[in-house]
Amino acid sequence: MFDRCSDRYITFSLICSFGFTERWRRQCVAALPAPRLAGTRGYDLMAGTGEVWPHLLKRFGDIGAITAVDISSGMHRRAMERLHAHRAHRIAFNEDNVLASDLPPESADFVISTFGLKTFNPEQHAQLAALIARVLKPGGVFSMIEASDPKGWWLRPLYLFHLRVVLPLVERTLLRGAQDFAMIGTYSTNFGSAAGIARLLRDQGLEVEFTRYFFGCATGVAGRKAG
Ligand SMILES: C[S@@+](CC[C@H](N)C(=O)[O-])C[C@H]1O[C@@H](n2cnc3c(N)ncnc32)[C@H](O)[C@@H]1O
């Protein structure tokens with residue numbers, strides 16, 4: 001599915017979120033504790049078209065390398081050709097399934113991930129939490145964010161209407177009948193919030209802070225591996 005979506009993904013997500021996806025990526029980077037050393041290297045898990053890299057490289061200009069990890073090479077190919085050619089020397093790519101990954105232990109100073117959690121179930125979140133705990137070096141840092149279900153917010157019905165009705169409608173009209181994003185509302189409400197993955201990361205021994213963004217329409221986790 002993601003190979004099919006890669007051409008339209010960026011435009012769609014920017015327009016339909018009224019810019020919120022960009023704001024949340026920036027906030028996810030802001031929540032990343034500062035890596036301890038200059039020239040750090042790390043992973044962008046479920047990297048897609050590398051939307052978070054400009055924010056990451058702006059905040060930490062001395063990052064040595066980002067390895068994009070994604071199951072879809074279509075997303076990455078397009079990203080490198082159209083968007084990131086000028087920073088290609090700092091980007092590596094690993095076509096990999098994070099749920100069955102053999103990324104080396106203690107190989108990352110940081111792990112970042114934006115909008116890659118909602119399609120996974122709790123068992124898969126546990127696998128991901130174990131992967132993050134394994135690949136981080138002692139003292140390594142992480143931050144992740146995902147669109148969530150803003151339970152208790154009085155405008156929640158309107159927000160869910162936007163996700164479940166407006167987005168599929170825009171998709172059918174603007175994206176000429178594509179059906180690739182019609183599940184976003186369902187995925188986000190099934191996901192709930194990042195509170196579950198926060199617990200799983202703590203179970204792995206990581207220090208974790210949980211944050212709600214814009215009334216809980218997005219939630220995130222950030223923290224550090226002791227050491
Ligand atoms: C919604 S996109 C997020 C892209 C980007 N990080 C962003 O900020 O928009 C989710 C990405 O996760 C990738 N993905 C889905 N399942 C995966 C898996 N099991 N392992 C690695 N990547 C996966 C997809 O190919 C897709 O590029």
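No experiment lies behind these values; they were computed from the predicted model shown.

(A) A look at the overall build of the protein chain. Broken down by element type, the protein chain carries nine helices and seven strands. Its C-alpha atoms give the protein chain a radius of gyration of 17 Å, near enough to 17 Å, the size a compact globule of 227 residues would have. Counting all 227 residues of the protein chain, 54% fall into the buried class. Taking as baseline every contact in the protein chain between residues at least 6 positions apart, the subset at least 24 positions apart corresponds to 76%.

(B) Highlighting helix 3 (residues 20-31). Under the 1.5 Å per step criterion, the end-to-end length of helix 3 is 16 Å for 12 residues, consistent within 8% with the ideal 16 Å. Buried residues of helix 3: F20, T21, W24, R25, C28 and V29, and no others.

(C) Seen up close, the site of the ligand. Around the ligand sit 17 residues in total, of which R25, M46, D70, N97 and T114 are the nearest. In this structure, M46 approaches the ligand through a main-chain N or O atom, which is 2.8 Å from a nitrogen atom. For the ligand, a nitrogen atom lies 3.4 Å from a polar atom in the backbone of A47. Coverage of the ligand by the protein chains reaches 95% of its 600 Å² of free accessible surface. Within the shell around the ligand, the residues separate by chemical class into nine nonpolar, four polar and four charged.

(D) Region of the structure containing the nonpolar core. One finds W24, W53, L56 and I66 to be the most contacted residues of the largest nonpolar core, which totals 33 residues. Every element with two or more residues in this core is listed here: helix 2 (9-16), helix 3, helix 4 (53-59), strand 2 (65-70), strand 4 (108-114), strand 5 (136-147) and helix 7 (156-174). In terms of residue count, helix 7 provides more of this core than any other element does, five residues in total. With residues up to four places along the chain from it excluded, the contact list for I66 reads G42, D44, W53, L56, L57, R90, I91, A92 and F110.

(E) Representation of the pairing of strand 7 (residues 218-225) in the model. Judged by how many residues are buried, strand 7 sits mostly within the fold: eight of eight residues are covered. Taken together, the seven bridges between strand 5 and strand 7 define a ladder with antiparallel strand orientation. Paired with V141 across the two strands is R224, which belongs to strand 7. In the sheet, strand 6 (residues 206-213) pairs with strand 7 via eight bridges, with the strands oriented antiparallel. The residue bridging F210 from the neighbouring strand is V221, located in strand 7.

(F) Geometry of the pairing of strand 3 (residues 91-95). One ladder, built from five bridges, connects strand 2 with strand 3; its direction is parallel. What sits directly across from T67, in strand 3, is A92. Handedness of the crossover joining strand 2 and strand 3 through helix 5 (residues 73-83): right-handed.

Parameters and conventions
Residues numbered from 1 in each chain as written. Predicted model: local features only at pLDDT ≥ 70, side-chain atom pairs only at ≥ 80, totals over all residues. Heavy atoms only, no water. Helix = DSSP H or I, 4+ residues; strand = E, 2+ residues; numbered from the N terminus. Rg over C-alpha atoms; globule rule 2.2 N^0.38 Å. Buried < 20%, exposed > 50% of the residue type's maximum accessible area, 1.4 Å probe, protein only. Contact = heavy atoms within 4.5 Å. Expected span 1.5 Å × (residues − 1). Near = heavy atom within 4 Å. Polar contact = N/O pair within 3.5 Å; in protein donor to acceptor, adjacent residues only side chain to side chain. Areas by Shrake-Rupley, 256 points an atom, 1.4 Å probe, with all protein chains shown as cover. Nonpolar A, V, L, I, M, F, W, Y, C, P; charged D, E, K, R; others polar. Core = buried A, V, L, I, M, F, W, Y, C linked by side-chain atoms within 4.5 Å. Pairing = 2+ DSSP bridges. Right-handed = clockwise from strand over helix to strand, strands pointing away.

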